[in-house]
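Breakdown of the fold
Next come the chains, spelled out residue by residue.
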Amino acid sequence: MMTSRSLFTTVVIAASAGLSACSQASHPSAWVRGGALVEVSQAQWVDGSSSVQISLNGEVTANGAHLFTIDGAGRVTRSASSSITGDEQPYALLDPSGYLIGPNDERWGFVGVEHAYLPGKTTPWIVINPAGYVVHYDEDGAEMEHGGGRWYGCRVTPRTQQACTLVTYLIRLEKRLADDRERTRSSMPRSGDRP
């Protein structure tokens, strides 16, 4: 089981790798118009000794490292570095119906107020319960054994809650993508290996 510290560290590393992989992709076509109305409130997700913060200006950090920024029109931007440098680029868009749209208009799943679903799935992958606890489910809909930490400051309005669900989903999705890349890399034969 991965500790929360290594989860957030992995996400910071994966975020930089994910952006470079998408650098040639086009941003979501509705980017300029914007998507869902999202309210950003100051909130914190605590998981063990690690934490993710959402600031009032939409900056999302994990243990002080900048991950991405969300705005009131459902846009998510990301920088190639782990600091806020002003060079953030379009990354994803939460559309008004709740679908998360990535580069080249790829559907990355669905993010509701308290529930988030992987693409094509009908059972939630992430739930933030009324007490703020993050519950993670496997792809078959069974609750995972490990805890997912707890959010504070999200339940101001449904739109602030959805912002926290969006942040949680993006962080977990980055972790999933990093794990998939690692599995692929470890299963590939090395140049000196015989077939």
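Going by the structure above, here's the rest.
Below is a short write-up of the structure. Everything numeric here is computed off the predicted structure, so don't read it as measured data. (Residues numbered from 1 in each chain as written. Predicted model: local features only at pLDDT ≥ 70, side-chain atom pairs only at ≥ 80, totals over all residues. Heavy atoms only, no water.)

**Some points on the state of the cysteines**
Cysteine pairs can be linked by a disulfide, which is a covalent bond between their two sulfur atoms. The final tally for this structure, using the stated rule, is one disulfide. Residue pairing for C154: its cysteine sulfur links by disulfide to C164, the two sulfurs lying 2.0 Å apart. In this structure, the disulfide formed by C154 and C164 twists by about -95° around the S-S bond and is classed as left-handed. In this pair, C154 is assigned in the loop between β12 (150-152) and α2 (158-187) and C164 in helix α2, connecting sequence segments 10 residues apart. Overall, the relative accessible area of 1% leaves C164 in the buried class. (Disulfide = S-S within 2.5 Å. Helix = DSSP H or I, 4+ residues; strand = E, 2+ residues; numbered from the N terminus. Buried < 20%, exposed > 50% of the residue type's maximum accessible area, 1.4 Å probe, protein only.)

**Examining the pattern of salt bridges**
Where charged atoms from two side chains of opposite charge come close, those side chains can pair. In total, this model carries five salt bridges according to the counting rule given. One salt bridge in this structure joins E174 and R78, with 2.6 Å as the shortest N-O distance. Here R78 lies in strand β5 (residues 75-78) and E174 lies in helix α2, a separation of 96 residues in the sequence. For the pair formed by E174 and R78, the shared burial category is buried. (Salt bridge = Lys/Arg side-chain N within 4 Å of Asp/Glu carboxyl O.)

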